[in-house]
Amino acid sequence: MCGIVGIIGTPHAAKESYLGLLMLQHRGQDSAGIISFQNKSKSFHYEKNLGHIKEALPEDCLKYLKGETAIAHTRYSTIGKIRKEEVQPMLMNYPYGLAMAHNGNLVNSETIKKELLEKNRRISLSHNDLEVMMNLLADKLAQTENDLTFEIIIQAVQTINNKLKGGFSSVTIIADHGLLAFKDSKAIRPLVWGRRKLTTEEKEFSKNDFAYAVASESKSLEFLGYENINELKQGELLFITKEGKIYQHQLEPKEARPCMFEWIYFANADSTIWNQNVYQTRLNLGKILGEQILNDNEDFDIVVPVPDTSRPSAITLSEKLKIPYREVLIKNRYAQRTFILNSQKDREKAVQLKMSVVKEEINGKHVLLVDDSIVRGTTSKRIIKVLKDAGARKVSIISTCPPIKHPCFYGIDFPSKEELIAHDKGFHDIAIAIGAHKVIYPTRENFLKAFKKFKTCDACISGDYPIDISTRDNLIESRIRDEESDIPRISKEHIYPW
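Everything numeric in this text was worked out from a predicted model, so none of it was measured. Starting afresh in each chain, residues are numbered from 1 along the sequence in its written order. It should be noted that, the model being predicted, local features are given only for residues of pLDDT at least 70 and side-chain atom pairs only at 80 or more, the latter also being counted only at that level, while totals for whole chains, interfaces and linings use all residues. Think of the side-chain values as coming from all heavy atoms in the structure, minus any hydrogens and water.

K.L.:
Looking at this structure, I do not really get the overall build of the protein chain. What am I missing?
P.N.:
Along the protein chain, the regular secondary structure elements total 18 helices and 21 strands. Partly exposed residues are those whose accessible area sits between 20% and 50% of the maximum for their type, while under 20% is buried and over 50% is exposed, using a 1.4 Å probe and protein chains only. Per-residue burial over the protein chain gives 59% buried out of 498 residues. Long-range contacts, defined here as pairs at least 24 residues apart, represent 73% of the contacts in the protein chain between residues at least 6 apart. By element, 48% of the accessible surface of the protein chain is carried by carbon and sulfur atoms, the whole surface being about 21000 Å². Each helix corresponds to a stretch of at least 4 residues labelled H or I by DSSP, and each strand to a stretch of at least 2 residues labelled E; elements are numbered beginning at the N terminus. Residue contacts are defined here by distance: any two heavy atoms, one from each residue, within 4.5 Å place the two residues in contact. Residue exposure ignores everything except the shown protein chains as possible cover, and the areas themselves are Shrake-Rupley values with a 1.4 Å probe.

Here it is as C-alpha cells:
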C-alpha cells in the first residue's frame, strides 16, 4: 500500500505533487520521491530518499524539480527491502524516457522478471515489483517504429493487465508526450483524477486552460484545488497529453472489487472512494456493530477508541449502546520510533512513552475497546495490558472488521496466514492470547451492509480472491528474503506506532 500523485499542465507540477503527497503520508512512511519533466529542456529532474516525506524531500529541493509534469510517491513496503534502490518513482531512459510509480503488489512478479530476462534480455536492478511493470510497458512501447499513439499505449497497458497478476494503480510520465494513469482489471487499489483552471500567472507559461492531476485519494486533489474528481474504473487507462488533450479507455470490463481495507483503515477519513465517503462508512460500521450487540448481556462501562481510525465507529457504537464515549488513550505524537530495545522493561517503557492513559476515567471499569481490525494481535495485546496496568477492571475489544483469516497478496502487509491471529483460533482463544475479557467481531453479513453500492475485495476475510494468486509462493519467498534485511519493515504497529 502506497500513495501516488501525478500532475500535468502547470509550471508548479513538482510543488503540487509534493503538497498532494503530504496528504498521503499515512499511506507510507518508508520513503518518498518526486520526478519531474521539463518540456523545454527535454529533461527529467528527481529527488528521492528513505524516510518520511519531509525527511526524504527537503522543501528546498523543489526549486530544482522544474517542469510541467511530475509524479510523486510515498512508500509502504510490503515487498522489497527498505533501501534506496527500491525507492519510487523509478526512471528509464528508453523508449521516450519513462518515469513511473505504482501502488499495490504483483503476485507473479518473480515469474515475469525471469521471463523478461530470458526472452527480452532485460535485467532487474531492484527487488521492487514496479520495475517489472515498467519493463513490460517499455518493451511494448519500444516495438513501434511510428510516432506514439493512444492505440499503442492501450496495447502496452493491455499487455500489463494480461501478464501481471495482482492489485495495482499506476502513474507514468512519458517524456515529451504526457501523463499516463491506469488500474488493474478489478480496481483493487484506488486512483482518482480531476482538473482545475490555470491561474493568470500559470497561463503565461502555458497555452492550455487546465491542469490535471491523479492521486490515490480524493482529499489530495481537493486540497490542491482540483475539481470534477472521478475514480478511474476497473481496467481503465487515462492519458493526458502535454497539450491538455484527454484520452480514456476501459479494457475488458470486469466486476470492480476495491479493497475494503481502504475504508476501515488506510484512507483519510475525509476522502471519498468509489463515491463512498470513508468517515461516513466508519460511522456506519459502528452503528452496525451496536445493533449486533445491543442485546448482549455485558456490563461495559465506557467505549474507548484506539486512535485514530476507530474514532468514528466508536462514537456511533457508544450512541447505539448508550454507553459513555471516552478518549483515554493519548498518543505522544513526538515520540521517536525505537527499534532496538535491550529488555522487556525497556519495551514497556517505549509503549508508555508513545501512549499514555487517563487513569481516572478507566479505574475499576469494564472498558470496551474499539479497533478498526485485529490482524496479528500484537498491538491489541499491548494496549489491553496498558489499560489493565492503569486500573481497568476488564477490557473487551470489538473490531469493526470481521476476523482476518487469509493473507493479502494485493498490497496489505500480511502475505502469510501464520502471522494472522484469527487464522487458527476461535474468538475465545483470541481473547486469551491478547489478554481480553471478550473479543467481538461483526458478522460478514453485517459488515458488508456498509458497502451497499458495490462489492469489495474482502479476500482476507472470505478467502475469495478476485485476481489469480496461483503464483503466490514467489511472493512469500520474496517476503522471506526481505526479512533477512537488518532494516525493520513497516507494519500497523509503526503506523500506530505502539
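K.L.:
Help me understand the pattern of salt bridges in this model?
P.N.:
One side chain can pair with another of opposite charge once the charged atoms of both are near each other. Here, a salt bridge means any side-chain nitrogen of Lys or Arg that lies within 4 Å of a carboxyl oxygen of Asp or Glu. Considering all chains together, one arrives at 29 salt bridges under this definition. Of the charged contacts, one joins Lys 163 and Glu 115 as a salt bridge, the two residues approaching to 2.6 Å between their closest N and O atoms. Here the residue Lys 163 occupies a position in helix H5 (residues 150-163), and Glu 115 occupies one in helix H3 (residues 109-120), the gap between them amounting to 48 residues. Under the relative-accessibility criterion, Lys 163 is labelled partly exposed at 30%. Three or more residues joined by partner-sharing salt bridges are found here, namely Arg 27, Arg 189, Glu 217 and Glu 262.

K.L.:
I tried to follow unusual backbone geometry on my own but got confused; where do I start?
P.N.:
A negative phi angle is the norm for most residues apart from glycine, just as the trans form is the norm for most peptide bonds. A cis amide bond links Gln 88 with the next residue in sequence, Pro 89, at an omega value of 0 degrees. The topology assignment puts Pro 89 in the loop between strand E4 (69-75) and strand E5 (90-92). With an omega of -5 degrees, the peptide bond between Tyr 94 and Pro 95 qualifies as cis. Backbone geometry places Ala 187, a non-glycine residue, at a positive phi of 55 degrees.

K.L.:
Please clarify how the sheet that holds strand E2 (residues 31-38) should be interpreted in this entry.
P.N.:
Backbone hydrogen bonds hold the strands of a sheet together, and the pairing may be parallel or antiparallel. Strand pairing is assigned whenever DSSP identifies at least 2 bridges connecting the two strands. An order of E3-E2-E4-E1-E10-E9-E11 is seen for the seven strands of this open sheet, with the pairing classed as antiparallel. Looking at strand neighbours, the two that pair on one side only are strand E3 (43-50) and strand E11 (227-231), the edges of this open sheet. If you compare each strand with its neighbour and ignore which way they point, the axes differ by 10 degrees on average. With six bridges joining them, strand E9 (residues 192-197) and strand E10 (residues 210-215) adopt antiparallel strand pairing. Note that in E10 the partner of Val 192 across the bridge is Ala 215. Note on method: axes are straight lines fitted to C-alpha atoms, helices fitted across the in-contact stretch only, with angles between N-to-C directions ranging 0 to 180 degrees.

K.L.:
Please clarify how the packing of helix H4 (residues 130-141) against H5 should be interpreted in this entry.
P.N.:
Two numbers describe a pair of packed helices, the interaxial angle and the distance between the axes. Packing of H4 against H5 brings their axes to within 9 Å, and their N-to-C directions diverge by 140 degrees. Here H4 lies oblique to H5, going by the angle between them. Judged by the twist between their axes, the crossing of H4 over H5 is right-handed. Across from Met 133, Leu 136, Leu 137, Lys 140 and Leu 141 in H4, the residues of H5 making contact are Ile 152, Ile 153, Gln 155, Ala 156, Thr 159, Ile 160 and Lys 163. Just so you know how the angles are binned, under 35 degrees is roughly parallel, over 145 roughly antiparallel, 65 to 115 roughly perpendicular, and the rest oblique. Two helices crossing with the near one rotated counterclockwise from the far one by less than a right angle form a left-handed crossing, whereas a clockwise rotation gives a right-handed crossing.

K.L.:
I keep staring at the packing of aromatic side chains and nothing clicks. Help me out?
P.N.:
Pairing of aromatic rings covers Phe, Tyr and Trp, the last counted by its six-membered ring, and requires centre-to-centre distances within 6.5 Å; plane angles under 30 degrees mean stacked, over 60 mean edge-to-face, and any other angle means tilted. For the coordinates displayed, the defined rule picks out 13 aromatic pairs. Measuring from centroid to centroid gives 6.3 Å for Tyr 410 and Tyr 465, while their planes differ by 75 degrees, and the two rings are edge-to-face. Of this pair, Tyr 410 sits in the loop between strand E20 (394-399) and helix H14 (427-434) while Tyr 465 sits in the loop between helix H16 (459-462) and helix H17 (472-482), and the two are 55 residues apart along the sequence. Each of the two residues, Tyr 410 as well as Tyr 465, counts as buried. By the ring-pair criterion, three or more aromatic residues cluster together here, those being Trp 263, Phe 447, Phe 451 and Phe 454. Two conditions define a charge located above a ring, namely a distance within 6 Å from the ring centre to NZ of Lys or CZ of Arg, and an angle within 35 degrees of the ring normal. When the ring centre of Phe 210 is taken as origin, the NZ or CZ atom of Arg 195, which lies over that ring, is 4.0 Å away.

K.L.:
What is the right way to read the nonpolar core from this model?
P.N.:
Side-chain atoms within 4.5 Å link the members of a nonpolar core, which is a set of buried Ala, Val, Leu, Ile, Met, Phe, Trp, Tyr and Cys residues. Within the largest apolar cluster, 39 residues are counted, with the highest numbers of intra-cluster contacts made by Met 260, Phe 261, Ile 264, Ile 404, Tyr 410 and Phe 414. Elements that contribute at least two residues to this core include exactly helix H8 (261-266), helix H9 (278-293) and H16. In terms of residue count, the dominant contributor to this core is H8 (five residues). For Phe 414, the residues in contact, after removing those within four places along its chain, are Phe 261, Val 375, Arg 376, Ile 404, His 406, Pro 407, Cys 408, Glu 419, Leu 420 and Cys 460. Membership of the second largest hydrophobic core comes to 31 residues, among which are Leu 130, Ile 152, Ala 156 and Leu 237.

K.L.:
Hey, could you run me through a nonpolar patch on the surface in this one?
P.N.:
A grouping of Leu 117, Ile 123 and Leu 125 is seen on the molecular surface, where their side chains present a nonpolar patch of about 340 Å² in accessible area. Within the secondary structure, Leu 117 sits in helix H3. A patch consists of residues exposed above 30% relative accessible area that lack any salt bridge, with like charges linked at up to 9 Å and nonpolar side chains (Val, Leu, Ile, Met, Phe, Trp, Tyr) linked at up to 5 Å.

K.L.:
Can you help me understand the confidence of the model for the protein chain in this one?
P.N.:
Interpreting fine coordinate detail is not advised for predicted regions of low pLDDT. The predictor rates its confidence in each residue with pLDDT, a number between 0 and 100. Overall, the prediction assigns the protein chain a mean pLDDT of 89, with 89% of residues at 70 or greater. Note that pLDDT drops below 50 for residues 336-344; the model gives that stretch twelve contacts with residues more than four away or on any other chain. In this model residues 483-498 is a low-confidence stretch, pLDDT under 50, and it forms 57 contacts with partners more than four residues away in sequence or in other chains.

K.L.:
I keep staring at the sheet that holds E20 and nothing clicks. Help me out?
P.N.:
Within the open sheet, the four strands sit side by side as E16-E19-E20-E21. Their pairing is parallel. Each edge of the open sheet is held by one strand with a lone partner, namely strand E16 (302-305) and strand E21 (439-440). The sheet contact formed by E20 and E21 spans two bridges and is parallel. The residue of E21 that forms the bridge with Ile 397 is Val 439. Sheet strands touched by helix H13 (residues 378-389): strand E19 (366-371) and E20. Its angle to E19, the strand with the most contacts, is close to 155 degrees.

K.L.:
For this particular structure, what's the right way to read the environment of Thr 400?
P.N.:
With respect to the helices, strands and loops of the structure, Thr 400 is situated in the loop between E20 and H14. Note on Thr 400: relative accessible area 2%, which makes it buried. The contact partners of Thr 400, leaving out residues within four places of it in the chain, are Ile 264, Leu 285, Leu 289, Ser 313, Val 370, Asp 371, Asp 372, Pro 442 and Phe 447. For the purposes of these results, a polar contact is taken to be a pair of N or O atoms within 3.5 Å, where, inside protein, one atom must be able to donate a hydrogen and its partner to accept one; residues adjacent in sequence count only when each atom of the pair is a side-chain atom. Of note is the side chain of Thr 400, whose polar atom sits 2.7 Å from the backbone oxygen of Asp 372.

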